[in-house]
Amino acid sequence: MRVPMLDLSEQYQTLREDMISVLDEVMGSSRFILGDNVKKLEADVAKYSNTKYAVGVGNGSDAIHIALQAAGVEAGHEVITTPFTFFATAGAIARAGATPVFVDIDPVTFNIDPSKIEAAITDKTKAIIPVHLYGQMADMDPIVEIANKHNLAIVEDAAQAIGSTYKGKSVGELGTAATYSFFPTKNLGAYGDGGMIVTNNDEMAEKMSVIRVHGSKPKYYHHVLGYNSRLDELQAAVLNVKFPHLDKWSEMRQQNAANYTQLLKEQLGDKVVTPVALENRRHVFHQYTLRVEKRDELQAYLKEQGIDTMVYYPLCLHIQPVFKELGYKEGDFPEAEKAAKEAVSLPMFPELKLEQQEYVVSQIAAFYK
């Protein structure tokens, strides 16, 4: 049996007629930049996130960068984040001219450990970026408390977590701003790049709207250095077709996660560590990530059996070559480094079939036996 990491073909066939219709409408209108589709998506995502504003931008990486700039992050500042995440998180900090400062993770959730944050704060610290990894929000209450105490901005990196909640609060409600990615593999994915920033902060929303169009307001008058980073009208049209299905897809992901967990417990017991969805949080399972022994050997074996897996992420950010001048070394963040050696993500998408999951788990069991 072939089990891909992600298969978008069934989703497309379900939505095909609507997709063709809206794309034809956009092309017929000849309105390709910041048109009605972008405005509709911004309004819908803001409402969904329980925020006043949403600003569509070119991609999830730019979303973080623009949010940091709007929060006043610049050269000489430091921004605290996790070393166990995709490069874009720390890359955006560096692109803003600031210095990434890493702290270790909670081994249960893979998210930033709030108990480590305060010790990393200096007089240069301007913001904190908690990453809601794999679809589960970080422990936000202590992070908000620390940020308020030290007058720091919080930019939530929710690239993998649209629809997740923490104690009934949505992504974006607790931070200064939150950023989404609409990369095609995401829970709400475009047919190309796209991103969005949500916030309840009036000043932040205005700044971000200006920054995304070269810092221009009114047109051709530039008061800040901005970027050409706008959510494309065609991609917004695609996302508008998909958006009403998001909660249903999240529920399907949650059911798939429950299936995996039950099957793994039945066949492997405690041989592998399954994901934990913490109480009072809605985990939307962008990824279903295990901790395992002999991770690389398991991956190779599963590949031979026709099963795709992915490692998110094999090399922590603090020891990436591009950040060598920061002075970190291997061993500085043992929990993150341990996760990088043990974590493996199994195929996960709403349309994943139970028989595919049964095959995946049976092959994992066969490997360890």
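Residues numbered from 1 in each chain as written. Predicted model: local features only at pLDDT ≥ 70, side-chain atom pairs only at ≥ 80, totals over all residues. Heavy atoms only, no water.

Draft legend 1. Spotlight on the overall build of the protein chain. Helix and strand counts for the protein chain come out as 11 helices and 12 strands. Taken along its principal axes, the extent of the C-alpha atoms in the protein chain is 65 × 55 × 35 Å. A separation of at least 24 residues holds for 72% of the contacts in the protein chain among residues at least 6 apart in sequence. Carbon and sulfur atoms make up 51% of the accessible area of the protein chain, which totals about 16,100 Å². Separation of charge centres in the protein chain, based on 37 positive and 48 negative side chains, amounts to 2 Å. (Helix = DSSP H or I, 4+ residues; strand = E, 2+ residues; numbered from the N terminus. Contact = heavy atoms within 4.5 Å. Areas by Shrake-Rupley, 256 points an atom, 1.4 Å probe, with all protein chains shown as cover. Lys, Arg positive; Asp, Glu negative; His and termini not counted. Charge placed at Lys NZ, Arg CZ, Asp CG, Glu CD.)

Draft legend 2. Focus on the pattern of salt bridges. As enumerated under the stated definition, the model contains 18 salt bridges in all. Here Asp-202 and Lys-52 are joined by a salt bridge, their closest N and O atoms 2.7 Å apart. Here Asp-202, found in helix α6 (residues 202-211), pairs with Lys-52, found in the loop between α2 (36-48) and β1 (53-57); they are 150 residues apart in sequence, far enough to count as distant. In this structure, the salt-bridge partner of Arg-95 is Asp-62, at a minimum N-O distance of 3.0 Å. Taken together, the residues Arg-95 in helix α4 (residues 87-95) and Asp-62 in helix α3 (residues 60-70) connect sequence positions 33 residues apart. Since its relative accessible area comes to 15%, Asp-62 is described here as buried. (Salt bridge = Lys/Arg side-chain N within 4 Å of Asp/Glu carboxyl O. Buried < 20%, exposed > 50% of the residue type's maximum accessible area, 1.4 Å probe, protein only.)

Draft legend 3. Structural view of the packing of α2 against helix α7 (residues 233-242). α7 packs onto α2 with a crossing angle of 45° between their chain directions and a minimal axis gap of 8 Å. If you check the angle between α2 and α7, you find them oblique. Crossing angle aside, the handedness with which α2 passes α7 is left-handed. Seen from α2, the contacting residues are Asp-36, Asn-37, Val-38, Lys-40 and Leu-41; seen from α7, they are Glu-233, Ala-236, Ala-237, Leu-239 and Asn-240. Residues of the contact of α2 with α7, tallied by class, amount to 5 nonpolar, 2 polar and 3 charged. (Axes fitted to C-alpha atoms, helices over the stretch in contact; angles between N-to-C directions. Parallel < 35°, antiparallel > 145°, perpendicular 65-115°, else oblique. Left-handed = near helix turned anticlockwise from the far one by under 90°. Nonpolar A, V, L, I, M, F, W, Y, C, P; charged D, E, K, R; others polar.)

Draft legend 4. Spotlight on the sheet that holds strand β6 (residues 165-166). The strand order across the open sheet built from 3 strands is β7-β6-β10, with neighbouring strands paired in antiparallel fashion. Each edge of the open sheet is held by one strand with a lone partner, namely β7 (169-170) and β10 (281-282). The pairing of β6 with β7 spans 2 bridges and is classified as antiparallel. Bridge pairing in β7 links Thr-165 to Ser-170. (Pairing = 2+ DSSP bridges.)

Draft legend 5. Representation of the packing of α3 against α6 within the structure. Orientation of α3 relative to α6, taken along the N-to-C sense of each, is 125°, at an axis distance of 9 Å. Viewed along their axes, α3 and α6 adopt a mutual orientation that is oblique. When the axes of α3 and α6 are compared, the crossing they make is right-handed. Note on element contacts: α6 touches α3 through Met-204, Lys-207, Met-208 and Ile-211, opposite Ile-66, Ala-67, Gln-69 and Ala-70. For the contact of α3 with α6, a count of residues per class yields 6 nonpolar, 1 polar and 1 charged.

Draft legend 6. Expanded view of the environment of Phe-323. The topology assignment puts Phe-323 in the loop between α9 (295-304) and α10 (334-342). Looking at Phe-323, the relative accessible area reads 6%, which means it is buried. Sequence spacing of Phe-323 and Ala-177 is 146 residues, and the spatial spacing of their C-alpha atoms is 26 Å. Leaving out residues up to four positions away in the same chain, Phe-323 has contacts with Phe-87, Ala-90, Gly-91, Ala-94, Pro-100, Phe-102 and Leu-317.

Draft legend 7. Broad picture of the sheet that holds strand β4 (residues 125-129). Strand order in the open sheet made by the 7 strands is β1-β9-β8-β5-β4-β2-β3, with mixed pairing throughout. Both edges of this open sheet fall to β1 and β3 (99-102), since each of them pairs with a single strand only. Averaged over all pairs of adjacent strands, the angle between strand axes in this sheet comes to 25°, irrespective of strand direction. Across 5 bridges, β1 lies against strand β9 (residues 195-199) in antiparallel orientation. Residue pairing in the sheet places Ala-54 in a bridge with Val-198 of β9. On top of the sheet, α2 reaches β1, β8 (177-181) and β9; it is set at about 130° to β1, its chief contact. Contacts from α3 reach β1, β2 (78-81), β4, β5 (153-157), β8 and β9 within the one sheet, and its direction differs from that of β8 by about 165°.

Draft legend 8. Structural context of the side chain of Asn-111. Here Asn-111 is to be found in the loop between β3 and β4. Residue Asn-111 is classed as buried on the basis of its relative accessible area of 1%. Polar side-chain contacts of Asn-111 include one of 2.8 Å to the backbone nitrogen of Leu-133. (Polar contact = N/O pair within 3.5 Å; in protein donor to acceptor, adjacent residues only side chain to side chain.)

Draft legend 9. Seen up close, the pairing of strand β12 (residues 343-346). Of the two faces of β12, the one holding Ala-343 and Ser-345 and the one holding Val-344 and Leu-346 are both buried throughout. In this structure, strand β11 (residues 288-291) lies alongside β12, joined through 4 bridges in antiparallel fashion. When the sheet's bridge partners are listed, Arg-291 is paired in β12 with Ala-343.

All we've got here are geometric facts, nothing functional implied.
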